[in-house]
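Chains, contacts and geometry: an overview
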Amino acid sequence: MVRLAPYARFPWPIRWLLRFLTVLLVLALVLAGVVTWTVRRSFPQVDGEIKLPGLSANVSVLRDRYGVPQIYADTSADLFKAQGYVHAQDRFWEMDFRRKTTAGRLSELFGTSTLDIDKVVRTLGWRRTAEKEFELLAPEARKSLEDYASGVNAWMEQHQGFAARSLEYGVLALTNRSYEPEPWTPADSLSWLKALAWDLRSNMSAEIERAVDASVLPLDRVKELFPDYPFDRHQPIVTRGAVRDGKFSAKGERGPAAGSGASPVDAPSAEALARVAQVLDAVPSLLGTAGSDQAGIGSNSWVVGGKHTESGKPLLANDPHLGPRMPSIWYQAGLHCRSRGPACPYDVAGYTFSGVPGVVIGHNHKIAWGFTNLGPDVTDLYVERVQGETYEVKGSWAPLQTRVEEIKVAGGKPVELTVRSTAHGPIISEVLGSAREALPGAAAKLGKIDKGMAVALRWTALDPGRTGDAIFLLNQAENWEQFREAAAKFEAPAQNMIYADLDGNIGYQAPGKIPIRSGGDGQWPAAGWSGEQEWTGYIPFEQLPHLYNPPEGFIVTANNAAIRPDYGPLLTSDWSYGYRSQRIVDRITQAIGAGKITTDTMRDIQMDSRNGLAEVLVPHLLRVGGGDTALLKGWDFAQTRDSAGAAYFNAVWRHLLKRTFDDELPESGRPGGGDRWFEIVRTLLDEPDSPWWDDVRTEDTAETRDDILAAAIKDAGTDLREKLGDTPEDWRWGDLHTLELTNETFGTSGIAPIEWLFNRGPLHLGGSKDAVDATGWDSDRGYEVDWVPSMRMVVDLADFDRSRWINLTGASGHAFHANYNDQSELWADGRTTVWPFSEQGVRREAVDTLTLTP
């Protein structure tokens, strides 16, 4: 029998086509195999043995199904060497990118496209400050940073070449094959703390916004856009106490009112401030908060004492709100000394930053802690009169300080940058060009100015400090006194720090390096030449608010006011407005009334999505009626992802803000929809004829409150029909409120195949900007999520192995690794995973064991 070739039965044109398609298929399979091999080659070895030079003994790295490592060593040096090695295994590209960013050296990777970013960061001098800080740290901290760097560098030595490190290096090689990362140094780790401080720097955006708004609006109307904190409705963190005899006392009477406000006439030129706003936008936000309303973005943390819990021991919850990233900003890990003692005092687990040794948020064998942004006013903008290379100081002229920075550029020639500074700090308005002219009338607020104007930045984090010490002290602390000792070193960024321990104690401490001003309250840019609003020192740590075992039996922080302003020294006037914090207080109070609190109670509160303005706004919308307002009848104000009412309400809210404010506010001052705007609109709803309701673009009509409400109702229906279809009952908030997990480098390349490699999503979410489940969005831009609870944790002090945690994405920074985004769906659903701490618990959950040998 004659056997025909597979294609012989077909006519020759078809035979040719089939052969061609077969060749293409084979080539595709080969290419897929090559890509798969390339991608997988950089995946970390997680079992067996690896030599790590410099170890004194074997180190064990046990990983659970989510790739989370728990590291066991005999000495602190071995522990931090291993942490550096493991961080590099999973996240080296992220670490390398971060250090290039914080050093102003991104152009060495990406060429001229990142040159403006490098200019701004070099002007701020993050890396210069970090290098100085290293010398200020305690010997133990310096040694730990060096050990950590040693571990990172050992990994680098073992992984030479692009393919061995990560897929990102392979993509980078397409345009920049000459790049080679240099060895890791302690300053690389400390520089990340500068980026952290920058992103959580508090009220600078509000300071600029006030002044820019003042260039187009009367000052009394600007004040209406920055309402006072509603102490009558939303309690502060510390509800009692004052500074007495130089120290804060929780039992003290209230002290004298702090500081008088600077006169708004000290606002500088709008053009100079617009230039500064451009500079701020150019600075990379490694936490994802750039461009956000700094007072509106934040975090939740609370601690409940044992008298209110089922176990009789404290429960502590934390979920920091930061920008979404792929991979997540956080890296979960445990650091355990096999025998805890002077040579190795660590037994700690929680959330770390890749590139930084130690655990930032979590618990050790004795205590647990969490952070939210305190948000004190630690930045001031000074308008300087500049003439040539001098600037005015109280009627005299002083020389500007200058330095020249060389920025290397991939594929191009180095660029020189001259950085000019006054005694207040670097001049930031010149980074992207000089700002010389004011908008009409703005210059008159400062008097006749004909010598040029520039804006300098005074910021506490530009002074070398000892925040690096705080992490190691915190990881070792075993009681309230040692916790406060660590907090005293936590200079920048200043955080609300909550505390619980195995003995049943709970506490709160406000730390930070917070300036004392000779005049003004930091709300407006200051006239630098006058000498009237200078920093004269810093608030002593002993005067900062704190609590220890308050009678309520719980403490809540959510970026709300730390304490009433008359307690003593000025912390800030620009708090978040307390909608999240008060909802948490109310939920805890309700839970206490219903019985005892459990870890499930704490997790339920973390996912609370109630809108704090809805109970005020919805009755007005129903009164005006029309459109699709029937969706709001019976709506419980919860913003779950399946809710039609939440979708419609948020669409009305978005269009209400645009209708009310876009006609008068400059683009940079338009509402983002946070809780400051809740307070503004809450007041305006009681003023039906307020000028804010009138649309100044309609010359012959004076609109009132109900006119604008009716227009927003109509706009929302049109908007959602276009986006979600013609059946309102089928609208879902989660179909509007989506999250794209975007790689922080190549994820925004504009090249679809490359973005596909690294990005994940979308996730359909509930929550909203100032719900407890704080999934932020900018109402001026759309409904998409732009910041999130970056992780969630609940620590059970009765049994650490019963604690729960979740990360936004996963442990791995390697695209296509099983742990790249394996926690994302769990996170989106509000679920958490097991968080073992005891060695028995860790071994029970472990699926891989790696031994690092000397």
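Residues numbered from 1 in each chain as written. Predicted model: local features only at pLDDT ≥ 70, side-chain atom pairs only at ≥ 80, totals over all residues. Heavy atoms only, no water.

**Notes on the overall build of the protein chain**
We apply this condition: Secondary structure counts use DSSP, requiring at least four H or I residues in a row for a helix and at least two E residues in a row for a strand, with both numbered from the N terminus. When a residue's accessible area, from a 1.4 Å probe over protein chains only, is under 20% of the maximum for its type it is buried; when over 50% it is exposed; and in between it is partly exposed. Only heavy atoms enter the contact rule, under which two residues are in contact if any of them lie within 4.5 Å. Under the convention used here, a 1.4 Å probe and the Shrake-Rupley method define accessible areas, while residue burial counts only the protein chains that appear.
In terms of helices and strands, the protein chain carries 24 helices and 33 strands. Looking at the protein chain residue by residue over its 854 residues, the buried ones come to 62%. Within the protein chain, residue pairs in contact and separated by at least 24 positions form 73% of the contacts whose partners lie at least 6 positions apart. Total accessible area on the protein chain is roughly 32000 Å²; 51% of this is exposed by carbon and sulfur atoms.

**Quick notes on the environment of Val238**
Within the element layout of this structure, Val238 appears in the loop between helix 11 (219-224) and strand 4 (242-244). Residue class for Val238 comes out buried when judged on its relative accessible area of 0%. Along the backbone, Val238 and Ile563 are 325 residues apart, and their C-alpha atoms lie at a distance of 5.1 Å. Those residues in contact with Val238 that lie beyond four places of it in its chain are Phe248, Tyr508, Pro545, Leu547, Ala562 and Ile563.

**Section: a negative patch on the surface**
Basically, it comes down to this: Only residues above 30% relative accessible area that lack a salt bridge enter a patch, with like-charged residues linked at up to 9 Å and the nonpolar side chains Val, Leu, Ile, Met, Phe, Trp and Tyr linked at up to 5 Å. Each salt bridge in this description consists of a side-chain nitrogen of Lys or Arg and a carboxyl oxygen of Asp or Glu lying within 4 Å of one another. Note on charges: Lys and Arg go in the positive column, Asp and Glu in the negative column, and His and the chain ends are not counted at all. To locate a charge, take atom NZ for lysine, CZ for arginine, CG for aspartate or CD for glutamate.
Judged by side-chain charge, Asp220, Glu224, Asp686 and Glu687 come together as a negatively charged surface patch. For Glu224, a relative accessible area of 42% translates into the label partly exposed.

**Some details on the environment of Ala141**
With respect to the element layout, Ala141 can be found in helix 6 (residues 139-158). Residue classification places Ala141 among the buried positions, given a relative accessible area of 4%. On a C-alpha basis, the gap between Ala141 and Leu473 in space is 9.0 Å, while along the polypeptide they are 332 residues apart. Beyond its immediate sequence surroundings of up to four residues, Ala141 is in contact with Asp469 and Phe472.

**Overview of the packing of aromatic side chains**
Selection criterion: Classification of ring pairs uses Phe, Tyr and Trp, with its six-membered ring standing for Trp, and accepts pairs whose centres are within 6.5 Å; under 30 degrees between planes counts as stacked, over 60 as edge-to-face, and the remaining range as tilted. Any Lys NZ or Arg CZ that is within 6 Å of a ring centre and within 35 degrees of that ring's normal is treated as a charge sitting over the ring.
Taken as a whole, this structure holds 36 aromatic pairs when the rule is applied. Following the ring pairs from residue to residue traces out a cluster consisting of Phe92, Trp93, Phe110, Trp155, Tyr169, Phe746 and Phe758. Stacked on the ring of Trp192, the Lys or Arg Arg98 has its end atom at 4.1 Å from the ring centre. In this structure, Arg221 packs its charged tip against the face of Trp692, placed 3.9 Å from the ring centre.

**Focus on the pairing of strand 12 (residues 379-387)**
Which entries qualify depends on this criterion: Strands are treated as partners if at least two bridges between them are detected by DSSP.
Burial analysis of strand 12 places eight of its nine residues in the buried class, which makes it a mostly covered element. Bridge analysis of strand 12 against strand 18 (residues 453-459) gives seven bridges, and the strand direction is antiparallel. By the bridge assignment, Glu384 is partnered in strand 18 with Ala454. Taken together, the two bridges between strand 12 and strand 22 (residues 526-527) define a ladder with parallel strand orientation. Residue pairing in the sheet places Tyr382 in a bridge with Ala526 of strand 22. Pairing of strand 12 with strand 13 (residues 390-393) involves two bridges; the strand directions are antiparallel. Following the sheet pairing, Gln387 is matched in strand 13 by Thr390. Linking strand 12 back to strand 13 in an antiparallel pair, the connection comprises two residues, with Gly388 at a positive phi of about 65 degrees.

**Looking at helix 4 (residues 115-124)**
In terms of burial, helix 4 is largely enclosed, as seven of its 10 residues are buried. Within helix 4 the residues assigned to the buried category are Leu115, Asp118, Val120, Val121, Arg122, Thr123 and Leu124.

**With respect to the sheet that holds strand 17 (residues 425-426)**
Hydrogen bonding along the main chain pairs the strands of a sheet, whether they run parallel or antiparallel. This is how it is decided: Between the N-to-C directions of two axes lies an angle of 0 to 180 degrees, each axis being a line fitted to C-alpha atoms and, for a helix, fitted only over the stretch in contact.
Here we have three strands laid out as an open sheet, ordered 15-16-17, and antiparallel in their pairing. Sheet topology places strand 15 (401-407) and strand 17 at the edges, where each strand pairs with a single neighbour. Taken together, the two bridges between strand 16 (residues 415-422) and strand 17 define a ladder with antiparallel strand orientation. What sits directly across from Ser421, in strand 17, is Pro426. Here helix 4 sits on the sheet and contacts strand 15, strand 16 and strand 17; the angle it forms with strand 15, its principal contact strand, is near 145 degrees.

**Some points on unusual backbone geometry**
The residue after Met326, namely Pro327, is reached through a cis peptide bond having omega 5 degrees. Secondary-structure assignment places Pro327 in the loop between strand 7 (315-322) and strand 8 (331-337). Residue Pro762 follows Gly761 across a cis peptide bond; omega there is 5 degrees. A positive phi is found at Asp245, a non-glycine position, where the angle reads about 55 degrees. Along the chain, Asp245 turns up in the loop between strand 4 and strand 5 (247-249). With phi around 65 degrees, Asn559 is a residue other than glycine that occupies positive phi space. Following the sequence through the fold, Asn559 ends up in the loop between strand 25 (554-557) and helix 15 (579-594).

**So, the packing of helix 13 (residues 467-476) against helix 14 (residues 480-489)**
Put simply, the rule reads: Roughly parallel here means an angle under 35 degrees, roughly antiparallel means over 145, roughly perpendicular means 65 to 115, and every remaining angle is called oblique. Working rule for handedness: look at the near helix, and if it is turned counterclockwise from the far one by less than a right angle, call the crossing left-handed; if clockwise, right-handed. Nonpolar residues are Ala, Val, Leu, Ile, Met, Phe, Trp, Tyr, Cys and Pro. Charged residues are Asp, Glu, Lys and Arg, and all others, Gly as well, are polar.
Two elements in contact, helix 13 and helix 14, have axes separated by 7 Å at closest approach and are oriented at 165 degrees. Between helix 13 and helix 14, the angle falls in the class roughly antiparallel. Both helix 13 and helix 14 take part in a crossing whose hand is left-handed. Note on element contacts: helix 14 touches helix 13 through Gln482, Phe483, Glu485, Ala486 and Lys489, opposite Thr467, Asp469, Ala470, Leu473, Leu474 and Gln476. Across the contact of helix 13 with helix 14, the residue classes break down as five nonpolar, three polar and three charged.

**A short note on the environment of Leu136**
Mapped onto the secondary structure, Leu136 falls in helix 5 (residues 126-136). Of the residues examined, Leu136 reaches a relative accessible area of 43% and is grouped as partly exposed. Along the sequence, Leu136 and Gly465 sit 329 residues apart, while their C-alpha atoms lie 7.1 Å from each other. Once residues within four sequence positions are removed from consideration, Leu136 is found in contact with Pro464, Gly465, Arg466 and Asp469.

**Some remarks on the packing of helix 15 against helix 16 (residues 599-606)**
Look at helix 15 against helix 16: their axes get within 10 Å of each other, and the N-to-C directions meet at 150 degrees. Judged by the inter-axis angle, helix 15 sits roughly antiparallel to helix 16. Crossing handedness for the pair helix 15 and helix 16: right-handed. Contact with helix 15, carried on its side by Ile584, Arg587, Ile588 and Ala591, involves Thr601, Asp604 and Ile605 of helix 16 and no other residues of that element. When its residues are assigned to classes, the contact of helix 15 with helix 16 shows four nonpolar, one polar and two charged.

**Considering the nonpolar core**
We apply this condition: Note on terminology: a nonpolar core comprises buried Ala, Val, Leu, Ile, Met, Phe, Trp, Tyr and Cys residues joined through side-chain atoms within 4.5 Å.
If you look at the biggest cluster of nonpolar residues, it comprises 156 residues, and the most contacted ones within it are Tyr508 and Leu852. Ranked by the residues each element gives to this core, the list is headed by helix 2 (residues 76-102), at 10 residues. Setting aside residues no more than four positions away along its own chain, Leu852 makes contact with Ile50, Leu52, Leu55, Ala57, Asn58, Val59, Val61, Ala82 and Tyr85. One finds Leu225, Val618, Leu631 and Val652 within the second-largest nonpolar core, a separate group that totals 50 residues.

**A few points about the confidence of the model for the protein chain**
Reading predicted coordinates in detail is not appropriate for stretches of low pLDDT. Counted only if it meets this: Predictor confidence is given residue by residue as pLDDT, running from a minimum of 0 to a maximum of 100.
Per-chain confidence: the protein chain averages 90 in pLDDT, with 88% of residues scoring 70 or above. pLDDT under 50 marks residues 254-268. Its contacts with residues more than four places away, or in other chains, come to 40 contacts.

**Notes on the pattern of salt bridges**
For the coordinates displayed, the defined rule picks out 52 salt bridges. For Asp188, the salt bridge is made with Arg99, and the minimal N-O distance between the two is 3.1 Å. Taken together, the residues span a long stretch of sequence, with Asp188 in helix 9 (residues 186-199) and Arg99 in helix 2 at a distance of 89 residues. Its relative accessible area of 6% is what places Asp188 among the buried residues. One salt-bridge network, in which partners are shared between bridges, spans Asp96, Arg99, Lys100, Arg105, Glu108, Arg127, Glu131, Glu182 and Asp188.

**Comments concerning the sheet that holds strand 19 (residues 495-501)**
Taking strand neighbours across the sheet as the criterion, the 11 strands line up as 1-33-2-3-8-9-10-11-19-20-24 in an open arrangement whose pairing is mixed. Only two strands of the sheet have a single partner each, and these edge strands are strand 1 (48-51) and strand 24 (546-548). Direction aside, the axes of adjacent strands within the sheet are offset by 15 degrees on average. Bridge count for strand 10 (residues 361-364) against strand 11 (residues 367-373) is two bridges, and the pairing is antiparallel. For His363, the partnering residue across the bridge sits in strand 11 and is Ala368. Packed on one face of the sheet, helix 2 meets strand 1, strand 2 (59-63), strand 3 (69-73), strand 8, strand 9 (347-352) and strand 33 (848-853) and runs near 160 degrees to strand 8.

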